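Commentary on secondary and tertiary structure
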Amino acid sequence: MKLIKIAFKSALNRKVSLSLAIFSIAISILLLLGVDTLRKQAKNNFLNTISQTDLIVGARSSPTNLLLYSVFHIGNATNNVSYASYQDIIASKKVKWSVPISLGDSHRGFRVMGTNGDYFRYYRYANGQNLAFQHGTAFSGVYDAVVGIDVAQSLNYQLNDEITLSHGIVATKYGEHADKPFRIVGILQKTGTPVDRTVMISLQGIEAIHIDWQSGTRSSLRISAEQALKMGLQPKNITAFMLGLSNRIEIFQLKRKINDYAKEPLLAIMPGSTLAYLWQTLGQFEKILMAISALVLLAGLIGLLIALLTTLNERRREMAVLRAVGAHTYHVIILFMLEAMLVVIVGCLVGIALLYGLQSIMQPIIAQNYGIYLHAQWPDTMQIIFLGLVLMLAMLLSLIPGVIAYKRSLQDGLMVKI
Amino acid sequence: MKNPVIKINNIHFRYNNQTADDVLHIADLQVYEGEHLFIQGASGSGKTSLLNLITGINQPYKGSVQVLGQSLQNLSSMQCDQFRVDFLGIIFQQFNLLPFLSVLENVQLPCWFSAKRRSLAGNSSSEIKQTAMRLLTELSLSDTLFNQPANTLSVGQQQRIAVARALIGQPKIIIADEPTSSLDTDNRERFLELLFLEADKQKSTVVFVSHDSYIAPYFSRVIDLSQINLAG
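Computed from a prediction, not measured in an experiment: that's the story for all the values here.

**Here's the deal with the side chain of Asn106(B)**
- Looking at the element boundaries, Asn106(B) is found in helix H3 (residues 103–113).
- Non-local contacts of Asn106(B), meaning those with residues more than four positions away in its chain, are made with Leu97(B), Leu98(B), Leu101(B), Ala150(B) and Arg165(B).

The following block contains the structure:
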């Protein structure tokens, strides 16, 4: 239609102010879609961290705390679980598999986790995916270690490299287990979960490095790595353990049984529901971010409105000429709407292009620093609906200059005397 | 036989219907087919108001305006807009053109809004373009200018483009509102010559308002608005 051509050429004639309006819309679209994408993908990542584990058991504390330290390696356990209780519970016929976890040491900022070979067999993430080795195999010896991909990459580790572990979460010279070095026998493939940033050793390894330690400090007694091997190395405590059940219907029953466990105070949680609860708490923050983005978008739209309003006077003649050649007064309003549409559509496209560009640049950086793995995705249905709403809002706003110009053109008729 | 194309009968017009005085009160004015009518009037004598009534932008509160046998007060504002583009070619004092369209596009504008003008200008878009180019050439515009943006041209050239636009699609009446005021004497004569030549060729009537009595001798009929306007 010719009206679109007129609107387009007229807009081109005012390209400076309109490109600024397009730019501000593009930035706000970028921000809004960016926050939304980040939020959704972070949530996805978060919920994908653990899968097909029916119960996580630790010393009694809050469910969130247990989940955070056992799965996300954030924070610390308040207490340990005795190995005897662990053995007692997994002896139940209901338990299909179990994975013990022993935390508390670190290696150059990465958490060390003591476990056993079942970890590589039963731990699942995302939609039930297994851990897989990029190089090497699971540990078999006491001084063998398996590292996550991020550990290997950021510290530039190869198979057979030797590493030493430190006592506690923060590395200090004082707390170094320097006398008992570990050899890397396996490097895991990328998972997009905290596993990537973990060093995994056997429970016996954990026992060995602490054999000459007492109450968190080194005792005067020195036991060499070789000597330690000959000692029992039977773990007395672990931090937590994961359970898979043969029959999922029995989850609640077992959960209640563990929570009522008489010999020591334990807590069993269902990771899925605790994750969901945790995300709900974090959800407040995401709502605030979304609200800020929405306000930025509003500012962008008001910028568009200003761009349209400031040109009203110079366009008065344009409207009179159009009226003289047969344009109806409602065409005047349509012209402003078309212009707003043009600006918003181009703004949205530029914003989406910016988002994808930025995502592909930022993706490795965000993954490394925050463990959130972004995937370039087409806008989902919600986002497309949202963009449609933005377009409608812009068209509504364009009614303001449109109606002003309409009234003026009724007043002016064909003879504009300026 | 002279056929009236515009009949104005005892009209009263004022800008707001309450207490203001009449701006126009014309007992009788007829414009005949094919004539070149010059309506002369000083500023503020109601020239623009008269043109607004003839083009249907405003309505008199009393009396009737008939254009080509059609009573304008019987038309809705939408029908009025359509009637205007179908049958009237309009030329302003200045700034006739849309600066962001090319010369050729400016000339074709009425054909974009009127099926009637379009069909009279040609059967296809290329024919309409041909017509626009012919008109521009006859109005002595060099074809090197045709695709330039309209605002890069001189005022004299712009006014001739405005004539081409008023003429395209053979509207019955050409309404001109002081189109020569921004031109110098030489350009003014040339402008009138070309306007009359082309209007005669397609048998369009010319209604021309101006304060400038100097150009009155070029016209077949001259009316002094102060003589026929009984208001004020």
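**Observations regarding the environment of Asn74(B)**
- Relative to the helices and strands, Asn74(B) resides in the loop between strand S5 (70–71) and helix H2 (77–87).
- Note: C-alpha distance between Asn74(B) and Tyr32(B) (42 residues apart in sequence) is 22 Å.

**Observations regarding the side chain of Asn96(B)**
- Its place among the elements puts Asn96(B) in the loop between strand S6 (88–91) and H3.
- Given the relative accessible area of 1%, Asn96(B) is considered buried.
- Of the polar contacts made by the side chain of Asn96(B), one reaches the backbone nitrogen of Phe92(B); its length is 2.7 Å.
- In terms of polar contacts, Asn96(B) uses its side chain to reach the side chain of Gln159(B), at 2.9 Å.
- Apart from the residues lying within four places of it in its own chain, the contact partners of Asn96(B) are Val321(A), Ile90(B), Ile91(B), Gln159(B), Ala162(B) and Arg165(B).

**Considering the interface of chain A and chain B**
- Listed as interface residues are 25 residues of chain A and, on the opposing side, 27 residues of chain B.
- Interface area, chain A with chain B, both sides summed: about 2,400 Å², of which 69% is carbon and sulfur.
- In this structure, the connection of chain A to chain B is made through three salt bridges.
- Residue Lys9(A) is joined to Glu105(B) by a salt bridge in which the shortest nitrogen-to-oxygen separation is 2.9 Å.

**Section: helix H5 (residues 125–138) of chain B**
All names here are of chain B.
- The end-to-end C-alpha distance of H5 is 20 Å, a good match for the 20 Å that 14 residues give at a rise of 1.5 Å each.
- Taken as a whole, H5 has its buried residues at Ile-128, Thr-131, Ala-132, Leu-135 and Leu-136. Projection of H5 onto a plane perpendicular to its axis shows the buried side chains occupying an angular sector of 130 degrees, all on one side.
- Close packing links the buried residues of H5 with H3, helix H4 (115–121), helix H6 (155–167) and helix H7 (185–201).
- Looking one or two places after H5, you find Ser-140, whose phi comes out positive at around 60 degrees.

**Thoughts on the sheet that holds strand S9 (residues 221–224) of chain B**
Residue and element names in this part refer to chain B.
- An order of S6-S7-S8-S3-S9 is seen for the five strands of this open sheet, with the pairing classed as parallel. Among the strands making up the open sheet, the edge pair consists of S6 and S9. Averaged over all neighbouring strand pairs, the angle between strand axes comes to 15 degrees, with direction disregarded.
- With respect to the sheet, helix H1 (residues 47–54) is in contact with strand S3 (36–40), S6, strand S7 (173–177) and strand S8 (205–210), its orientation differing from that of S7 by roughly 155 degrees.

**Thoughts on the domain arrangement of chain A**
- Here chain A is partitioned into domain 1 (2–46 + 282–412) and domain 2 (55–269).
- Relative to domain 2 of chain A, the C-alpha centre of domain 1 of chain A lies at a distance of 51 Å.

**A few points about the sheet that holds strand S2 (residues 24–32) of chain B**
Residue and element names in this part refer to chain B.
- What the four strands build is an open sheet, ordered S2-S1-S4-S5; its pairing is antiparallel. Each of the sheet's edge strands pairs with one partner strand only, and the pair in question is S2 and S5.
- Here strand S1 (residues 4–13) runs beside strand S4 (residues 62–67); their pairing, made up of five bridges, is antiparallel. Considered in S4, the bridge of Asn-9 is made with Ser-64.
- Set on the sheet, H1 makes contact with S1, S2 and S4; between it and S1 the angle comes to about 120 degrees.

**Some details on the environment of Phe83(B)**
All names here are of chain B.
- The topology assignment puts Phe-83 in helix H2.
- Expressed as a C-alpha distance, the spacing of Phe-83 and Glu-189, which sit 106 residues apart in the sequence, is 31 Å.
- When residues no more than four places from it in sequence are discounted, the contact partners of Phe-83 are Val-67, Leu-68, Gln-70, Leu-72, Leu-75 and Leu-88.

**Observations regarding the nonpolar core**
- Of all hydrophobic cores here, the largest spans 75 residues; its most connected members are Leu304(A), Ile8(B), Leu50(B) and Phe113(B).
- Of the residues forming this core, the biggest block, ten residues, is contributed by helix H12 (residues 329–370) of chain A.
- The residues contacting Leu50(B), other than those within four sequence positions of it, are Ile8(B), Leu24(B), Ile26(B), Leu29(B), Ile39(B) and Leu225(B).
- The next biggest cluster of nonpolar side chains, apart from the first, holds 39 residues, and it includes Val107(B), Leu153(B), Ala162(B) and Leu183(B).

**Details of the pattern of salt bridges**
Residues and elements named next belong to chain A.
- The final tally for this structure, using the stated rule, is 26 salt bridges over all chains.
- Close ionic contact of Asp-150 with Lys-190 constitutes a salt bridge, the shortest N to O distance being 3.3 Å. One end of the pair, Asp-150, is in helix H6 (residues 149–155); the other, Lys-190, is in the loop between strand S11 (182–188) and strand S12 (198–202), and 40 residues separate them in sequence.
- On the accessibility criterion, Asp-150 (9% relative accessible area) is buried.

Rules of the game
- Residues numbered from 1 in each chain as written.
- Chains lettered and ligands numbered in written order.
- Predicted model: local features only at pLDDT ≥ 70, side-chain atom pairs only at ≥ 80, totals over all residues.
- Heavy atoms only, no water.
- Helix = DSSP H or I, 4+ residues; strand = E, 2+ residues; numbered from the N terminus.
- Contact = heavy atoms within 4.5 Å.
- Buried < 20%, exposed > 50% of the residue type's maximum accessible area, 1.4 Å probe, protein only.
- Polar contact = N/O pair within 3.5 Å; in protein donor to acceptor, adjacent residues only side chain to side chain.
- Buried area = accessible area lost by both parts, 1.4 Å probe.
- Salt bridge = Lys/Arg side-chain N within 4 Å of Asp/Glu carboxyl O.
- Expected span 1.5 Å × (residues − 1).
- Arc of directions from axis to C-beta.
- Pairing = 2+ DSSP bridges.
- Axes fitted to C-alpha atoms, helices over the stretch in contact; angles between N-to-C directions.
- Domains from an automatic or database assignment.
- Core = buried A, V, L, I, M, F, W, Y, C linked by side-chain atoms within 4.5 Å.

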